[in-house]
Amino acid sequence: MPDLIKKKYILLILLIPLILIFFPTLFLGKTLFYRDISIHDYPLNQYIIESYKSGEFPLWNPYLFSGLPQMASLQPAMFYPSILIFLFLPFHIAFSISLIIHYFLSGLGIYLIGRYWSLSKTASLTGGIVFALNGYMFELTSLSYILYAVTWVPYIFLFTNKILDKPAFKDFYLLLLFFALQLSTGRIDYFYFTQIFLWIWIGYRFLNTKDKNDKLQFSINSSFIMIISVISILLLALQIFPSLEFLKTTRRNDSLDLEIATIWSLHPLQLLNMCFSNFFGNLFYTKGISRLISTDRDLTFLIYNLYFGFVPIILSIYSLIRKDRKALFLFFIAIVFTFCSFGKYSPVYEIFFNYFPGFQATRYPAKLFIF
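Given the structure is predicted, the values throughout are model-derived calculations rather than measurements. (Residues numbered from 1 in each chain as written. Predicted model: local features only at pLDDT ≥ 70, side-chain atom pairs only at ≥ 80, totals over all residues. Heavy atoms only, no water.)

> I'm lost on the packing of aromatic side chains in this one. Help?
Considering all chains together, one arrives at 42 aromatic pairs under this definition. Plain terms: the ring middles of Phe197 and Phe371 are 5.8 Å apart, the flat faces sit at 40 degrees to each other, and that makes the pair tilted. Here the residue Phe197 occupies a position in helix H11 (residues 188–207), and Phe371 occupies one in the segment after helix H19 (347–355), the gap between them amounting to 174 residues. Given the relative accessible area of 9%, Phe197 is considered buried. A centroid spacing of 6.2 Å and a plane angle of 25 degrees characterise the contact between Tyr349 and Phe353, whose relative ring orientation is stacked. (Phe/Tyr/Trp six-rings, centres within 6.5 Å; stacked < 30°, edge-to-face > 60°. Helix = DSSP H or I, 4+ residues; strand = E, 2+ residues; numbered from the N terminus. Buried < 20%, exposed > 50% of the residue type's maximum accessible area, 1.4 Å probe, protein only.)

> Looking at this structure, how should I read the side chain of Ser265?
When you line up the elements, Ser265 lands in the loop between helix H14 (258–261) and helix H15 (270–275). Residue class for Ser265 comes out buried when judged on its relative accessible area of 0%. For Ser265, the side chain forms a polar contact with the main-chain oxygen of Thr262, separated by 2.4 Å. One polar contact links the side chain of Ser265 to the main-chain amide nitrogen of Lys344, over a distance of 3.2 Å. (Polar contact = N/O pair within 3.5 Å; in protein donor to acceptor, adjacent residues only side chain to side chain.)

> It is not clear to me how the nonpolar core should be interpreted in this structure. Could you clarify?
The tendency in soluble globular proteins is for nonpolar side chains to be buried as a group. Tyr103, Leu140 and Phe359 are the most contacted members of the largest nonpolar core, which totals 93 residues. The element best represented in this core is helix H5 (residues 91–116), accounting for eleven residues. If near-sequence neighbours (up to four positions away) are discounted, Tyr103 is found in contact with Leu18, Phe22, Ala132, Met137, Phe138, Leu140, Thr141 and Leu147. (Core = buried A, V, L, I, M, F, W, Y, C linked by side-chain atoms within 4.5 Å. Contact = heavy atoms within 4.5 Å.)

> Can you walk me through helix H18 (residues 325–341) in this structure?
Because each turn of an α-helix spans 3.6 residues, side chains separated by three or four positions in sequence point in the same direction. Counted at 1.5 Å a residue, the expected span for H18 with its 17 residues is 24 Å, and the 24 Å between its end C-alpha atoms agrees. Looking at the packing, one finds that the buried side of H18 touches H11, H15, helix H17 (311–321) and H19. Two or three places before Lys326, at the start of H18, stands the capping residue Asp324, its side-chain oxygen 2.9 Å from that residue's backbone nitrogen. Where H18 terminates, the next one or two residues include Gly343, which has phi positive at roughly 60 degrees. (Expected span 1.5 Å × (residues − 1).)

> Any chance you could explain the pattern of salt bridges here in plain terms?
Working definition: two side chains of opposite charge can pair if their charged atoms are close together. Within this structure, the stated rule accounts for three salt bridges. Here Arg187 ties to Asp189 by a salt bridge, and the two come within 2.6 Å at their closest N and O atoms. This pair shows no difference in class: Arg187 is buried, exactly as Asp189 is. In this structure, the salt-bridge partner of Lys367 is Asp189, at a minimum N-O distance of 2.6 Å. Highlighted residues: Lys367 in the segment after H19 and Asp189 in helix H11, separated in sequence by 178 residues. Each member of the salt-bridge network shares a partner with another, and the members are Arg187, Asp189 and Lys367. (Salt bridge = Lys/Arg side-chain N within 4 Å of Asp/Glu carboxyl O.)

> What should I look at first to understand a nonpolar patch on the surface in this one?
There is a patch of nonpolar side chains on the surface, built from Met226, Val230, Ile233, Leu234, Phe241, Leu244 and Leu247 and spanning about 610 Å² of accessible area. Of all the secondary-structure elements, those providing two or more residues to the nonpolar patch are helix H12 (212–235) and helix H13 (237–247). Relative to the elements of secondary structure, Phe241 occurs in helix H13. The exposure class assigned to Phe241 is partly exposed, which follows from its relative accessible area of 46%. (Patch = residues over 30% accessible without salt bridge, like charges linked within 9 Å, V, L, I, M, F, W, Y side chains within 5 Å. Areas by Shrake-Rupley, 256 points an atom, 1.4 Å probe, with all protein chains shown as cover.)

> Explain unusual backbone geometry here, please?
Generally, phi is negative for residues other than glycine and the peptide bonds are trans, each holding for most cases. In this structure, the amide linkage connecting Gln75 to the following residue, Pro76, adopts the cis form with an omega of -5 degrees. Within the fold, Pro76 resides in the loop between helix H3 (36–53) and helix H4 (83–86). With a phi close to 55 degrees, Phe65 is a non-glycine residue in the positive phi region. Within the secondary structure, Phe65 is located in the loop between H3 and H4. Not every positive phi belongs to a glycine, and Leu74 is a case in point at roughly 70 degrees. Its place among the elements puts Leu74 in the loop between H3 and H4. Given a relative accessible area of 19%, Leu74 falls into the buried group.

This is the structure in structure tokens:
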């Protein structure tokens, strides 16, 4: 694809749509409220921020139940850098700015991957826009710490590839930084899924390395990536380990059975609705064919209002036509994660659940679609 866009406009093209989307909350005094924002993010973030402003560290939250070990709760993430924005700006504005920054960074990360792989600026920016501004990502506005964790996946992927290709010291440090940032969001599950995604890709890269000397160097570089992952966990141990201890006293410590773990599953037919908005009508009301997709009215508006769009599908098909081996394998990974997101409607998730270490502790298959 020829370059139609000058480099100096790249950042503006990514940023301006986000400012327009969040214009009401930035400038008109409106506030976001949908789903977890109002019942979780606002009150708990507010408590943590007020604690910081008063010079206290929010180890213990006395306002929930008979008290709650706030530091061990993982979310809201007390060590995540975006908390600094809330210290200096009104809460609703800081929340919107934090979201804008992460959508912007997620799109920029995909753009940088495209440029690293020698795609044109236009093609790379198109990928960034599709990733950052599609409806599925914007659904994560209501699950902000998932958005924060997903934001760093492109950067983790980019610097993993740099280390595998031609490592430099700065690449090791930056990969460690992005692993740590992802973990500091409190979404350990997304760190885990990102590791699965990475090591599938690393395995593919290894199998496609033919020379014995190159294989040896590749193995060494891969070992460093594993070490960096472990170091990032140790860096966040101050929050992770208390959280694991707290987990032992909660219902989450009980092993999940497959039925409970797959309540939040995407029905395969939902892909049609995700590509063509309201393909089956308004799924908040379970009527007609929509009953094939959901039999639980309470889950309908939480899961089945996702919209992905048809444009990403067209662009994916175009990438297959190009017959680029990297693109083909990435498409294969996307298919694997898509079948995992089907949860109870697909045997793939059950295979992972039963035989893949650590998978039994996860739930909510629909969130795997983000990969």
